[in-house]
Amino acid sequence: MRIAILFFIFTSNILAEEIIGIPRIVDGDTIHINEYKIRLEGIDAPEIKQKCKKAKLKISSIFGFTFYENYECGKVSKENLEVKVNKSKIKCISSSKDRYKRYLAKCFKDNINLNRWMVRNGHAVAYRRYSKDYILDEDFARENKLGLWRGKFLNPEKWRKLN
């Protein structure tokens, strides 16, 4: 049974909405809680049909050559968010909507910011055009070769423009 609870919070003259419930994960940056369509604010995850490359074989020689294979990084991103949420109730805090009328929100499972978790573990990138909140988390994932950063990928925004 899915339950959605909507609260209105007044802070600093900004109307924030809390949406609480068990989400259906659409992809790595989009969820639905009942009739509420929510976009995880400040992050951009690979699209469901997007493919990326991961290292398959590294040959250590003077030239250091690596062979790559394609994998479905959009599906992997979605699956990682599903595993993290684990059919639990989450809370999303939104103060605006995007041009598609989705709620832009920071979502939390207990005290874990799911937006940050996705970027910090390499399952999404910081959506720098709209937010600077997760740049350090992206840097951490890149430096530690986590998730997408283990291989090669097109930034999801660029992939969308080309497809």
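Residues numbered from 1 in each chain as written. Predicted model: local features only at pLDDT ≥ 70, side-chain atom pairs only at ≥ 80, totals over all residues. Heavy atoms only, no water.

## Here's the deal with the overall build of the protein
- A count of helical and extended segments in the protein gives four helices and 13 strands.
- Residues counted as buried form 41% of the 163 residues belonging to the protein.
- Across the protein, contacts joining residues at least 24 apart in sequence account for 52% of those joining residues at least 6 apart.
- Just so you have it, the protein exposes about 10100 Å², and 53% of that area is on carbon and sulfur atoms. (Helix = DSSP H or I, 4+ residues; strand = E, 2+ residues; numbered from the N terminus. Buried < 20%, exposed > 50% of the residue type's maximum accessible area, 1.4 Å probe, protein only. Contact = heavy atoms within 4.5 Å. Areas by Shrake-Rupley, 256 points an atom, 1.4 Å probe, with all protein chains shown as cover.)

## Section: a nonpolar patch on the surface
- Among the surface-exposed residues, Leu57, Ile59, Phe65 and Phe67 lie close enough to one another that they form a single nonpolar patch of about 370 Å² accessible area.
- Broken down by secondary-structure element, the contributors of at least two residues to the nonpolar patch are strand S7 (52–59) and strand S8 (65–71).
- Structurally, Phe65 is set in strand S8. (Patch = residues over 30% accessible without salt bridge, like charges linked within 9 Å, V, L, I, M, F, W, Y side chains within 5 Å. Salt bridge = Lys/Arg side-chain N within 4 Å of Asp/Glu carboxyl O.)

## Quick word on the side chain of Asp27
- Structurally, the position occupied by Asp27 is in strand S3 (residues 24–27).
- The side chain of Asp27 is buried and forms no salt bridge, while Arg102, the nearest opposite charge, is found at 6.3 Å.
- A polar contact is formed between the side chain of Asp27 and the backbone nitrogen of Asp29, at a distance of 3.0 Å.
- A polar contact is formed between the side chain of Asp27 and the backbone nitrogen of Thr30, at a distance of 2.9 Å. (Lys, Arg positive; Asp, Glu negative; His and termini not counted. Polar contact = N/O pair within 3.5 Å; in protein donor to acceptor, adjacent residues only side chain to side chain.)

## Focus on unusual backbone geometry
- The residue Asn86 is not glycine, and still its phi comes out positive at about 55 degrees.
- Exposure remark for Asn86: the relative accessible area of 53% places this residue in the exposed category.

## Section: the packing of aromatic side chains
- Tallied over the entire structure, the rule returns three aromatic pairs.
- Geometrically, the ring pair formed by Tyr36 and Tyr103 is edge-to-face, given 5.6 Å between the ring centres and 70 degrees between the ring planes. Of the two residues, Tyr36 sits in strand S5 (residues 36–40) while Tyr103 sits in strand S10 (residues 103–109), which places them 67 residues apart along the sequence.
- The class for Tyr36 is buried, based on a relative accessible area of 12%.
- You can call Tyr103 buried: its relative accessible area is 11%.
- Centroid distance Trp149 to Phe153: 4.9 Å. Interplanar angle 80 degrees. Geometry classified as edge-to-face.
- Since its relative accessible area comes to 24%, Phe153 is described here as partly exposed.
- Sitting over the ring of Tyr71, Lys54 keeps its end group 5.4 Å from the ring centre.
- If you follow Arg142 out to its NZ or CZ, it ends over the ring of Trp149, 4.6 Å from the centre. (Phe/Tyr/Trp six-rings, centres within 6.5 Å; stacked < 30°, edge-to-face > 60°. Lys NZ or Arg CZ within 6 Å of the ring centre and 35° of its normal.)

## Description of the confidence of the model for the protein
- Confidence in the prediction of the protein, expressed as mean pLDDT, is 90, and 87% of residues score 70 or more.
- Low confidence marks residues 7–13, where pLDDT is under 50. Its contacts with residues over four positions away, or in another chain, come to 12 contacts. (pLDDT = per-residue confidence, 0-100.)

## Concerning the nonpolar core
- Counting 23 residues, the largest nonpolar core has Ile31, Ile38, Ile90, Cys92 and Cys107 as its most contacted members.
- Per element, the largest residue contribution to this core is four residues, and it comes from helix H2 (residues 114–120).
- One finds Cys52, Val125, Ala141 and Leu148 within the second-largest nonpolar core, a separate group that totals seven residues. (Core = buried A, V, L, I, M, F, W, Y, C linked by side-chain atoms within 4.5 Å.)

## Describing the state of the cysteines
- For the coordinates displayed, the defined rule picks out two disulfides.
- Shown here is the disulfide that connects Cys52 with Cys73, its sulfur atoms set 2.0 Å apart. Torsion about the S-S bond of the Cys52 and Cys73 cystine: about 60 degrees, corresponding to right-handed handedness. On the criterion of sequence distance, the pair formed by Cys52 in strand S7 and Cys73 in helix H1 (residues 73–85) is long-range, its members being 21 residues apart. The residues Cys52 and Cys73 share a single accessibility class, namely buried.
- Residue pairing for Cys92: its cysteine sulfur links by disulfide to Cys107, the two sulfurs lying 2.1 Å apart. (Disulfide = S-S within 2.5 Å.)

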